[in-house]
Amino acid sequence: MKHFIYLIILSIIFTNKTYTQSIKKKIDKIILNEFNDSKGPGGVFMVTKNGKPIYEKAFGKANLELGVDLTTNNVFQLASMTKQFTAISILMLEEQGKLNTLDSISKYIPDYPNGNKITIHHLLTHTSGIKDFTKMKSLKDIAQKEMSPKMMVDFFKDEPVDFEPGEKFEYSNSGYILLGYLIELTSGTSFDEFIKESIFKKIGMNQSDYASDRKIIKNRAYGYQKKESGYVNKTIINFSVPYASGALMSSLSDMLKWQNALNEDVLLKAKNLKKAFKKNKLNSGEEITYGYGWHIRTINGSESREHGGSIFGFKTMAVYIPSEDIYVIGLTNCDCFSPTKITQDIAKLVFEKYEKK
């Protein structure tokens, strides 16, 4: 009898191992369709189930001049995935009673045009109507300048609005610049320091930081762009410009700490965190598939929380499926690559495998 039980256990272990190897091969195939140049820049990918990695791999080079391979320990610019941290920071300040998402922004910035009609909620959900500063032709004039949050707000605040608050959903980086400024006004500290003290240090995100091209950052992946002549070093910008809309850096392992901290209600009470993952409605009652800092979509009928990012030299994407606790993230060091579809395809593959088991 003992021998029979032993054989059953061995069979289960062997089946699980074969199953895991099969998934890994399929994930490799999805990634290698695009990330197949071992001598060029590339990306790193991680898949986790129940808070633990089941797949982690790096493709391509971290530094072309030195010929250094990427590793899963490299640090990348997150670009617009920064918005997750900005949104959660706002909810943390709301939980502390320092602001309310239903407040108008004129409560904090009295001279903001139309500010009595625009709420923090509108900024979080990209429904404010404020013009996206990244679409302004004059952006090139400030791209390499050191800008204070107020200077950034002043840069776009007098632009004509694209629509009245709550009338439409239109992605706007400007809204998240304003949110960063509100974090500073209500917390009494800089956005950079608030994120570091209230999030990074609290959950042990030791490889995460506010981006810098001058600071020495251990395990940094260098960013590239592709021109007709081949790869070139990324265009330099001052990170005070993307600010709270896209200026953070992180690694795969730190982003898993972030996802796990959200799941375990480390940063916010569960009832307050729910706001970030709830679909919202326009004035007309039409539903939009955006929460606070996350797109709320579906994969095979199950809710998924997704967001990507793009900045000179880097593109990023992460997908989380709550029902199966599956997290998939891709970070790339050339803006010639897009990890968006790859990450979504991997999430669908893994979800289907676990759903069947």
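See the structure shown above.
Residues numbered from 1 in each chain as written. Predicted model: local features only at pLDDT ≥ 70, side-chain atom pairs only at ≥ 80, totals over all residues. Heavy atoms only, no water.

A word on the sheet that holds strand β15 (residues 326-332)
And then number 1: One open sheet accounts for six strands, arranged β2-β1-β15-β14-β13-β12; its pairing is antiparallel. Of all strands in the sheet, those with a lone pairing partner are β2 (52-59) and β12 (295-299), marking the two edges. Along the sheet, successive strands turn relative to each other by an average axial angle of 15°, direction set aside.
And then number 2: The pairing of β12 with strand β13 (residues 302-311) spans five bridges and is antiparallel. By the bridge assignment, His295 is partnered in β13 with Glu306.
And then number 3: Across the sheet, helix α9 (residues 252-263) is in contact with β1 (43-49), β2, β14 (314-321) and β15; its angle to β15 comes to roughly 145°. (Pairing = 2+ DSSP bridges. Helix = DSSP H or I, 4+ residues; strand = E, 2+ residues; numbered from the N terminus. Axes fitted to C-alpha atoms, helices over the stretch in contact; angles between N-to-C directions. Contact = heavy atoms within 4.5 Å.)

Details of α9
And then number 1: Between its first and last C-alpha, α9 extends 17 Å over twelve residues, near the 16 Å set by a 1.5 Å rise per residue.
And then number 2: In terms of residue burial, α9 counts as a mostly covered element, since nine of its twelve residues are buried.
And then number 3: Listed in full, the buried residues belonging to α9 are Leu252, Asp254, Met255, Leu256, Trp258, Gln259, Asn260, Ala261 and Leu262.
And then number 4: One or two positions beyond α9, positive phi appears at Asp265, with a value near 55°. (Expected span 1.5 Å × (residues − 1). Buried < 20%, exposed > 50% of the residue type's maximum accessible area, 1.4 Å probe, protein only.)

Description of the pattern of salt bridges
And then number 1: Applying the stated rule across the entire model yields 20 salt bridges.
And then number 2: With its nearest N and O atoms 3.6 Å apart, the salt bridge here joins Lys107 to Asp103.
And then number 3: The exposure class of Asp103 is buried, given its relative accessible area of 13%.
And then number 4: The shortest N-O distance in the salt bridge between Lys157 and Asp111 comes to 3.0 Å. Note that Lys157 is positioned in the loop between α5 (149-156) and α6 (173-187) and Asp111 in the loop between α2 (82-95) and α3 (120-124), a separation of 46 residues in sequence. (Salt bridge = Lys/Arg side-chain N within 4 Å of Asp/Glu carboxyl O.)

Regarding the state of the cysteines
And then number 1: Per the stated rule, a full pass over the model turns up one disulfide.
And then number 2: There is a disulfide in this structure between Cys334 and Cys336, and the S-S distance comes to 2.2 Å. On the sign convention where negative is left-handed, the bridge of Cys334 and Cys336, at about 130° about the S-S bond, is right-handed. (Disulfide = S-S within 2.5 Å.)

A few points about the packing of aromatic side chains
And then number 1: Overall, the coordinates contain twelve aromatic pairs when judged by the stated rule.
And then number 2: Taking 6.4 Å as the distance between ring centres and 85° as the angle between the ring planes, the aromatic pair formed by Phe76 and Phe314 counts as edge-to-face. Of this pair, Phe76 sits in strand β5 (residues 76-77) while Phe314 is found in strand β14, placing the two residues 238 residues apart along the sequence.
And then number 3: An aromatic cluster is present here, built from Phe85, Phe200, Trp258, Phe277 and Trp294 joined pairwise through their rings.
And then number 4: A cation sits over an aromatic face here: Arg220 above Tyr222, 5.9 Å from the ring centre.
And then number 5: Lying over the aromatic face of Phe277, Arg305 brings its terminal NZ or CZ to 3.8 Å of the ring centre. (Phe/Tyr/Trp six-rings, centres within 6.5 Å; stacked < 30°, edge-to-face > 60°. Lys NZ or Arg CZ within 6 Å of the ring centre and 35° of its normal.)

Looking at the sheet that holds β5
And then number 1: With antiparallel pairing, three strands are arranged side by side in an open sheet as β5-β9-β6. The open sheet has two edge strands, β5 and β6 (209-210), and neither has a second partner.
And then number 2: Where β6 lies against strand β9 (residues 248-250), two bridges are found, and the strand directions are antiparallel. Counterpart to Tyr210 in the pairing with β9 is Leu248.

Quick notes on the side chain of Thr332
And then number 1: Along the polypeptide, Thr332 turns up in strand β15.
And then number 2: Among the residues examined, Thr332 registers a relative accessible area of 0% and is labelled buried.
And then number 3: A polar atom in the side chain of Thr332 sits 3.4 Å from the backbone oxygen of Cys334.
And then number 4: Residue contacts for Thr332: discarding those within four places in its chain leaves Phe35, Gly42, Gly43, Phe76, Gly313, Phe314, Lys315, Phe337 and Pro339. (Polar contact = N/O pair within 3.5 Å; in protein donor to acceptor, adjacent residues only side chain to side chain.)

With respect to α5
And then number 1: Looking at α5, one finds that the buried residues are Pro149, Met152, Val153, Phe155 and Phe156. Projected down its long axis, α5 shows its buried positions confined to an angular sector of 150°, all on one face.
And then number 2: Those residues of α5 that are buried lie in contact with α4 (139-142), α6 and α8 (243-246). (Arc of directions from axis to C-beta.)

So, the pairing of β13
And then number 1: Within β13, eight of the ten residues are buried, which leaves the element mostly enclosed by the surrounding structure.
And then number 2: Joining the antiparallel neighbours β12 and β13 is a turn of two residues, in which Asn300 adopts a positive phi near 50°.
And then number 3: Sheet analysis places β13 next to β14, joined by seven bridges and oriented antiparallel. Bridging across to β14, Glu306 finds its partner in Val319.
And then number 4: Taking the residues that link successive antiparallel strands as the turn, the β13-β14 hairpin has two residues, and the phi of Gly313 there is positive, at about 90°.

The analysis is restricted to geometry; functional conclusions fall outside its scope.
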